[in-house]
Every structure is written in structure tokens, then in C-alpha cells.
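Architecture and fold: a report
Here is what each chain is made of, one letter per residue.
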Protein chains: 2
Amino acid sequence: MLSSRAVNDLFLRTCRGEATERRPVWIMRQAGRYLPEYRAIRQKVDFLTLCKTPELAAEVTIQPVDILGVDAAILFADILLPLEAMGAELQFVKGDGPSFPHPVRTREDVARLRNPEVDETLGYVFAALRLVRRELDGRVPVLGFGGTPWTLAAYLVEGGGSKHFEHLLAWSYGDPEGLALLLDRVAGTSIAYLKGQIAAGAQALQLFDTWGGLLDLERWRAVALPPLRRIVDALKGEVPLIYYVNGGSHLLPALAELPVDVLSVDWRQPLSTVRRIVGPRVLQGNLDPAALLAPIPEIERRTADLLREGSGGPHVVNLGHGILPMVPVENAKAFVEAVKRLSLNP
Amino acid sequence: MLSSRAVNDLFLRTCRGEATERRPVWIMRQAGRYLPEYRAIRQKVDFLTLCKTPELAAEVTIQPVDILGVDAAILFADILLPLEAMGAELQFVKGDGPSFPHPVRTREDVARLRNPEVDETLGYVFAALRLVRRELDGRVPVLGFGGTPWTLAAYLVEGGGSKHFEHLLAWSYGDPEGLALLLDRVAGTSIAYLKGQIAAGAQALQLFDTWGGLLDLERWRAVALPPLRRIVDALKGEVPLIYYVNGGSHLLPALAELPVDVLSVDWRQPLSTVRRIVGPRVLQGNLDPAALLAPIPEIERRTADLLREGSGGPHVVNLGHGILPMVPVENAKAFVEAVKRLSLNP
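Structural notes, computed from the coordinates. Predicted, not measured: the structure shown is a model, and the values here were computed from it. (Residues numbered from 1 in each chain as written. Chains lettered and ligands numbered in written order. Predicted model: local features only at pLDDT ≥ 70, side-chain atom pairs only at ≥ 80, totals over all residues.)

Let us now look at the interface of chain B and chain A. Contact residues are listed per partner, giving 22 residues for chain B and 22 residues for chain A. The leading source of residues in the side of chain B that touches chain A is helix 10 (residues 166–174) of chain B, at 5 residues. (Contact = placed C-beta atoms within 7 Å. Helix = DSSP H or I, 4+ residues; strand = E, 2+ residues; numbered from the N terminus.)

Here you go:
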């Protein structure tokens, strides 16, 4: 049995919209390259090996809890892993990011994808989650995560990252029903994968829509939303669900209606503006990740501004995008500590 | 003397807010890689040589006027050329885009930049403009252009394109006054360069703020706007000024107040929404560039939608960003022809 004093559930209570004694804080990509302890492990194994070795994945997942004192851990993994499980060869080339040497660009390509047995193909993720839960022993909750179908398809169709995602967008205009087949297949695998994460101990889930902002509002609703809704509807009520979008200021009117527990937004608009558009929702975010490159007094000043902006409702404090590799660890710590100090309710 | 029948000034009249018999149309990056005629010239010379050979730059500038029938030509050049004139070594590596091997990251680096004599260092641009004016002989007006100081500095500080522009943003948070020195130097050279373009025959100017959307509204106002305002104020009243921003939906409240003649926006928000925020302004845009990858009937349908969206005021029809290299020429033609056919005022 855990003693109740050892349990920090600020994050989960805030996700559920409850008032808390102070605001919880964690950092997207908090297990990552800015940490010397992470880089030390990456010197020994490559990125995919790290993802697929549960002991190591658990170790880097827990590092920022010890080092920064964040209020939640997020599993170390990559959003593209379920696509590999579907049969798409996935490579990470040093410096170039992810690559799919055989992009999926036709209905025939879609038909060749597998509906994987996730326990077999992604069991290493679930094993890492179980290890993290056991080792954290209730200190902080653990998030699982996945990409949205649109964002996963972006990489799979393009064959990796891209400036303009021309192949993806050409398909979306030229044969939207064909692309919908792919998005639906990705949604199906994602549901099994995310349910597997819950079964393995994930206490909340975040869906990353990194490329949702490529679409205008009407097309986001028509193309990206249906497969996302399938996932949201399948997971609703199990654990708190967070939806994150980058560059999605123009999508807020649609996001207002999305039945997730928490909306996580980038830094481009103040949270008070976001709240005016999306109404009484739990928000997560949204310090400019580059603000952590500032001198510490400036970080503290901007954190205070962020807390004021977010004070109109439940607020999980975070950055507006992943932490940048150049950020000094002391600066990330200063951010976490400022949130803890400045968001105490008297 | 030109006969009045040969002169197409739809574009200039619309920029000045006048009602016209139909809407003008041109395409960002219309002189570019999607055109076989452009690629044929690029097989013979590299990118910088093309920019610096007035006869060739004039030839590719005029190609889309002949091939697509657009209502304006835009000079073929690169926004980074004035930085090279300031003493920054500039390279274009095939496939990798622009690169500055010696990035400018300190006040000392700024102090080493030159205030160039633009007629000496950028005279090839002015020569190309004079050739274009002579060869077009009034058929359509010719636009000149430049980057905004923030966007030019983004490349110069980072050393090229970048995913996160960490060096630029670190400087903006760590020593904003130092970065302001750079932005001001870039603004000074830009004013001389753009005035030189006007003297050489540019009949309108577009300022490209490709990376303005990296900044939130408050920081855009504090960091990017002052050097931009210096340029706008220096050029105001000379020729129509167009300001273009990519990914700037969240900046519209600030853009409403920018004293340029035309606001050019990306495809992420419908023009009716943009007009609600910026008020009675001349707008330019904003078909999704990827829509030109659709089958032609779909292009025509979306062009009709765009014309309806833009009908609340003066409207220069364009894409929301540069034309994509994969676009078939027939598709670009179909867009231009649809605008001409469907936007006639009865």
C-alpha cells in the first residue's frame, strides 16, 4: 500500500477539473536531449533501441521526475512506433529524424498494412510503462501518449518529416476517401495501442497533433477530425485525455467542441485568449519553449505572466511545444520551481 | 507611348482599393521550379548565378506572365541577397536551401556587417528590374520584394533554415537590445534596397515575413514590428506596399493596425474571418497552395469558394504561400483562368 503522503496527484485532479492547492507542471519532451543523463544513455544505444529496451525507456522516463521535480512522468517512446507495428519500415537517421523508406501513398499501399496484435508488436512499450509505474510507486502519475491519425499519416505518406507535406496534401485533395482509409486504419491500431497503454498503467493519455495546423478549419474538421473522434470516443471515460496541437490558433473554434478532458495549446496565443474561444475547459500549456533559453529572472517573470494568464480555470502548466535541446537544465528547473512557488493557492 | 489597351493595371488599382472589372491574380513563387521553362534555365546555371544575371532573372520573371497569364510579374530574386551585400557569406547548397557559414549571433558580429552601397552590391537586381519593365512594356505591373528584418535575421542568426530557430530565439530572450541592433541594421539596408527597386521600376513591393508567426502577438509587436515599421514608414506613399505573413493567424489583431496597402495572409483562415478581424483592408490570398495538387474541377470549385470568401472588399487573388514544386502547370493555369472567368463584375 502507498501512503497517501507519497502520492502527488495534482496533475490528475487538475485534468478532471478539480481545484488544487497549486498547479501541476510537466514539460513536453522532458525526457530528452537537453538532459546530460539522457545523452549519456543515448551514447550507448540508438534511439529505436532505447525505445525498445523497457529498462532503459523506464530509466529516461523517470530522470526528469528526479532531476526537475515535475508533477507527472511521460513515457519515453515515439509517436511513430505503432506505424512500424503496422508493417511500415521505420528508421531514425542521426540528425535527419524519422524516415519511412517505403512511404504509403496509394490505396494499395494501405491494403498492405497490417492490423497488428499490439501486445506482440508493441509489448516493449507496455513493459516500460509497467516498470515506470512500479519504480515511481505513486510519486507522480504516468502519462502515455500517441499521435493523431492525421499527424501519423503525415510522416507515413511523406516518408518522414517535410517542409510542405506535398504528398500528404496532394492525396488529401486528390483522393480524400483513399486517405480516409489510411487514417481509419491508423485510428484502429491507435485505439488498441492506447488501450494497451492504459492496461499497462498509463494514468492519462496525450494525443499529439503536431501537423494538424497544416489544415484550415474546414479541412481539419473534414479530414483530421473523424479518425481522431473515433479514438476519443473509444477512450472516453477511461483516463483523462489531453489533445495537443501545434500551430493551431485557427482551429480553436473546432477544438472547443472536442470531447477531451484537456486542451493543450502552443505559445502563440495567451491562455486568456484561448479561454475566450474554447470556453470553460481545462487548459495545458503554454510557455514559449524558447523562453527557457532566457536568463533565469526572465524565466521567472514569464512564468508569473503565464500563471496569471492561465488563472481563469483549471490549468496544467507546461510549455507550448517540446523543450528545446539547447535549454540548460538549471533553466528547466527554474521554470518548474517557479510554478510550484508562484501558483500556491493561499 | 503605350496604347491604353495594352496596359493591365488591375493589380495596382486593386492595391489602391479601387473597384475593378474583375479581380487580379498572381501566384507567389510563380517564377519557379514547377515550370519546365524555369528548370531548363536552372540546368544551365546555379541559383545565385541566376539571381545575379539580369538577362536570365528577367527571363524567368516574365515566364509566368506568358505561360499562366497572371496579372502581375514579381521579380525573380531571393530575400537573402541584401544580407550578402552586408558582408554575410551566402551559399545555396542543392537540396538544403540557403546557408550562412558564419552566422551573426553577437553584437560584435553585428558591428562587423557593412552598410552596403546598394547600387554597387545589388545593382544586378535593379538591372533585372529595368529589363523586365522594358520587356513587359506595360503588359502587367512588376512587383519588387524583400524580407522583413525579423525573417531575414532568422536565417542570418541561425545560419540557414531551421526547425526551431533556437539561436535566434535565444538571442531575442537573452539580449533583445543586441538583436534589435541587428534588426535595425537590416532595416536600414532594406530601405535602401527597396528604394533602389522602386527607382529601377518596381511598381509595388511585397514584404515577406515568413517567420513572423514564430512569435506570439506581444513579442511580435515588441521585437519584429519596430524595424518593420521603419521600412513601412520610409516607403509609405511611394508604391503600394504588401505585407505577407505565414502562420500568422494569431497576429491579425496587430496586422489590422499596420499601415501597409495590402495584407497578404496564408490559407489557414477564410478571408471573411480575416476581414472580421482586420477591418476594411485590401486583402491578398489565400488559396491553400496544396489545392493546386487537386484535380482541375476541384481547383475550380475551391477558387469559386475563395472568390466568395474574398468578396467583402478589394481582393488580389493569390495562394496562401508559394506554389509547390509538384504542381502541374495546367493546374496553375486552371486557377488563373478560373479567377479571370469567375470574378468578372457584371
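And the narrative resumes.
Next up on the list: the pairing of strand 4 (residues 142–147) of chain B. Residue and element names in this part refer to chain B. Judged by how many residues are buried, strand 4 sits mostly within the fold: 6 of 6 residues are covered. Of the two faces of strand 4, both are covered, the one formed by Val142, Gly144 and Gly146 as well as the one formed by Leu143, Phe145 and Gly147. The sheet contact formed by strand 1 (residues 73–74) and strand 4 spans 2 bridges and is parallel. Bridge pairing in strand 4 places Ile74 opposite Leu143. Sheet analysis places strand 4 next to strand 5 (residues 204–209), joined by 5 bridges and oriented parallel. Looking at strand 5, one finds that Phe145 is bridged to Gln206. (Buried ≥ 20, exposed ≤ 12 C-beta atoms within 10 Å, placed from the backbone. Pairing = 2+ DSSP bridges.)

Residues and elements named next belong to chain B. Pairing is parallel across the open sheet formed by 7 strands, whose spatial order is 1-4-5-6-7-8-9. Among the strands making up the open sheet, the edge pair consists of strand 1 and strand 9 (315–319). Relative to strand 6 (residues 241–245), strand 5 runs parallel, the two sharing 5 bridges. Counted as the bridge partner of Gln206 is Ile242 from strand 6. Taken strand by strand, helix 11 (residues 176–199) contacts strand 4 and strand 5, and its axis lies near 170 degrees from that of strand 4. (Axes fitted to C-alpha atoms, helices over the stretch in contact; angles between N-to-C directions.)

Another aspect to go through is the relation of the copies chain B and chain A. Rotating chain B by 180 degrees and moving it 0.0 Å along the rotation axis overlays it on chain A with an RMSD of 0.0 Å. Put plainly, the chains are arranged around a two-fold axis. The position closest to the rotation axis in chain B is occupied by the C-alpha of Ser249 of chain B, lying 3.3 Å away. Both copies share a contact surface, since 100% of the interface residues of chain B are interface residues in chain A too. (Least-squares fit on C-alpha atoms with pLDDT ≥ 70 in both.)

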